[in-house]
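Residue strings, one per chain:
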Amino acid sequence: MKLIFESGSLKGAKYGFAKGRTSVGRSKVNDLVLNDNSISLMHCRIRVSEHGVTITDLGSTNGTWVNAERVVSIQLHDGDLLMLGVNKARVEIQMKSSKEGTLSLSDTALQQVGQSRDIFGSVTYSLNRKIADGGMGSIYEASQFGAEGFMKRVAIKTILPKFKKQVGLVSSFVGEARLVATLVHQNIVQIHHLGRHEGGYCIAMEFIKGISVTEFMTMHVRLTRQIPVDLAVFITSRIARGLEYAHSKKDIDGKVLNLVHRDVSPNNIMIDTGGEVKLADFGVAKASKYMEDDSDDLVGCVEFMSPEQASCDPVDGRSDIFSLGLVFYELLTGTRLFRADGGRVTRALEAVIEGKIPNPQKYRPEIPDDVSGIVLNMLRKDLDERYQSAGEVAYDLEDNMYKHGYGPTVVKLAAYVAELRKEKP
């Protein structure tokens, strides 16, 4: 736990607090001596324990204030503003890493739904292994611990400290994460928690045991086989349903939030071992546009942008439909329409904006006409000619799958992937 003073004679000072009790005041008998006349000789006491951080006023003249309210004793939370005399300090309760790799996050998620963190305390995680590194940070597999031996496997994504100075990224990331935490849908990877880590940010999210659609397609390339059309349709339909839910999500006042993913791509679509298909990184995609680095993540985004997004025009849910259409096209044909590798980012952007889409039957003649028609309608350059909602896309895809009374299911997809992984190229 840290106090970072932002105003007063102590401006710029930073103090860390270890586990236990720390007395704070002007007198030299205190554990922490603050030389400021507005602070009493024995001002307050701060206690750090496994249950959280509390501050208790010790009868100070000017009082101890937390978030503009004078307090006697109260639990502190990450981001609280503390006034000691005329000195304002920001409370930072970071995700702490021990030699055993245990992490503890301040419970932002509980605050969002109005539950008492005095009851629930902090959330503790143990990092098990690193899954991947990305342009914004790293992803870890972790275990979440709770009372009475509770344990749950989660994924933790850290945000690199170097991005904390980019105000646009931070505000967008935090704001979007708060919104996306309310998205609870079987086809969207859920965000559980937002916290701080080493001066940056991190999120705890649903752990998906499975593979990405990128890996799914790579397996077929290695085995020199094509993805079954019905499974390509099924995967796309599940993401369409997830987008339909997100695009129509409303706030507590009934106002549509107008959430747009902005980064629907094979890397962000997961297939778990049960055959469920889930869209990931809903909370990070919007923040990515503020990144200044020329990272691989940004190059990847270019390949699945809509024409309006590539032109830096305002986007809505129809932009996500176009991006999903590009994924669908690649699932069906094995062809990526807009490649940005080898330094061809500008060329790819120009091709996206031009919006010329060949019929997928050019690459795979056996694709049914109705399936070809759906993917081409998802990829219309003209917004008015494109599908107007993800729900319309899902309906047409499901009609194609089940119009004869039977079709692919999560069980079939799970079994197919399991068999695929057993085969050797």
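All values derive from a computational prediction rather than experimental measurement. (Residues numbered from 1 in each chain as written. Predicted model: local features only at pLDDT ≥ 70, side-chain atom pairs only at ≥ 80, totals over all residues. Heavy atoms only, no water.)

Enquirer: How should the overall build of the chain be read in this particular structure?
Expert: Of regular secondary structure, the chain possesses 13 helices and 20 strands. Across the 425 residues in the chain, those meeting the buried criterion constitute 51%. Summarising the internal contacts of the chain: among those between residues at least 6 apart in sequence, 56% fall at separations of at least 24. For the chain, the computed accessible surface area is about 20,500 Å², with 50% contributed by carbon and sulfur atoms. (Helix = DSSP H or I, 4+ residues; strand = E, 2+ residues; numbered from the N terminus. Buried < 20%, exposed > 50% of the residue type's maximum accessible area, 1.4 Å probe, protein only. Contact = heavy atoms within 4.5 Å. Areas by Shrake-Rupley, 256 points an atom, 1.4 Å probe, with all protein chains shown as cover.)

Enquirer: What am I meant to see in the packing of aromatic side chains here?
Expert: Here the structure, examined in full by the defined rule, presents 3 aromatic pairs. Their ring planes at 75 degrees and their centres at 6.3 Å tell us that Tyr-329 and Tyr-363 sit as a pair that is edge-to-face. Highlighted residues: Tyr-329 in helix H9 (residues 317–333) and Tyr-363 in the loop between helix H10 (345–354) and helix H11 (369–378), separated in sequence by 34 residues. (Phe/Tyr/Trp six-rings, centres within 6.5 Å; stacked < 30°, edge-to-face > 60°.)

Enquirer: Is there a simple way to think about the pattern of salt bridges in this case?
Expert: Opposite charge on two side chains permits pairing when their charged atoms draw close. Within the structure shown, the criterion is met by 19 salt bridges. Between Arg-153 and Glu-141 there is a salt bridge whose closest N-O contact spans 3.1 Å. Within this pair, whereas Arg-153 is found in strand E15 (residues 151–158), its partner Glu-141 is found in strand E14 (residues 138–145), the two being separated by 12 residues in sequence. By relative accessible area, Arg-153 is classed as partly exposed at 41%. (Salt bridge = Lys/Arg side-chain N within 4 Å of Asp/Glu carboxyl O.)

Enquirer: Could you clarify how one ought to interpret the sheet that holds strand E6 (residues 52–57) in this entry?
Expert: Paired through their backbone hydrogen bonds, the strands of a sheet run either parallel or antiparallel. With mixed pairing, the 5 strands of this open sheet are ordered in space as E4-E3-E5-E6-E9. The sheet terminates laterally at strand E4 (32–33) and strand E9 (73–76), the two strands that pair on one side only. Examined bridge by bridge, strand E3 (residues 20–25) and strand E5 (residues 44–49) share 5 bridges and lie antiparallel to one another. Within E5, the position partnered with Ser-23 by the bridge is Arg-45. (Pairing = 2+ DSSP bridges.)

Enquirer: I keep staring at the environment of Ala-280 and nothing clicks. Help me out?
Expert: Topologically, Ala-280 is positioned in the loop between strand E20 (277–279) and helix H6 (285–288). Take Ala-280: its relative accessible area is 12%, and that puts it in the buried class. Separated by 16 residues in sequence, Ala-280 and Val-264 place their C-alpha atoms 8.6 Å apart. Beyond its immediate sequence surroundings of up to four residues, Ala-280 is in contact with Val-189, His-261 and Asn-268.

Enquirer: Would you take a moment to explain the pairing of E5 for this structure?
Expert: As defined by bridge partners, E5 adjoins E6 across 6 bridges and the pair is classed as antiparallel. Looking at the pairing, Cys-44 lines up with Asp-57 of E6. Turn length for the E5-E6 hairpin, with the two strands adjacent in sequence and antiparallel, is 2 residues.

Enquirer: Explain the sheet that holds strand E19 (residues 269–272) to me, please; I cannot follow it from the model alone.
Expert: Read from one edge of the open sheet, 3 strands run E18-E19-E20, paired in antiparallel fashion. Every interior strand has two partners, whereas the edge strands, strand E18 (210–212) and E20, have only one. Adjacent strand axes in the sheet meet at a mean angle of 25 degrees, parallel and antiparallel pairs treated alike. The sheet contact formed by E19 and E20 spans 3 bridges and is antiparallel. Its bridge partner being in E20, Ile-269 is matched across the sheet by Leu-279. Its contacts with the sheet put helix H4 (residues 213–222) on E18 and E19, and the angle it makes with E18 is roughly 85 degrees. (Axes fitted to C-alpha atoms, helices over the stretch in contact; angles between N-to-C directions.)

Enquirer: Would you take a moment to explain the confidence of the model for the chain for this structure?
Expert: For residues with low pLDDT, the predicted coordinates do not support detailed interpretation. Per-chain confidence: the chain averages 83 in pLDDT, with 81% of residues scoring 70 or above. Predicted confidence for residues 95–100 stays below pLDDT 50, and this span has 12 contacts to residues more than four positions away or in other chains. Taken together, the stretch residues 289–300 has pLDDT below 50 and engages in 21 contacts with residues farther than four places along the chain or on a different chain. (pLDDT = per-residue confidence, 0-100.)

Enquirer: Just to check I follow, could you spell out the packing of H9 against H11 for this structure?
Expert: Angle between the axes and distance between the axes: these two values describe a pair of packed helices. Contact geometry of H9 with H11 gives a least axis separation of 8 Å together with a crossing angle of 145 degrees. Between H9 and H11 the crossing geometry is left-handed. In contact with Ile-321, Phe-322, Leu-324, Gly-325, Phe-328, Tyr-329 and Leu-332 of H9, H11 contributes Val-371, Ile-374, Val-375 and Met-378. (Left-handed = near helix turned anticlockwise from the far one by under 90°.)

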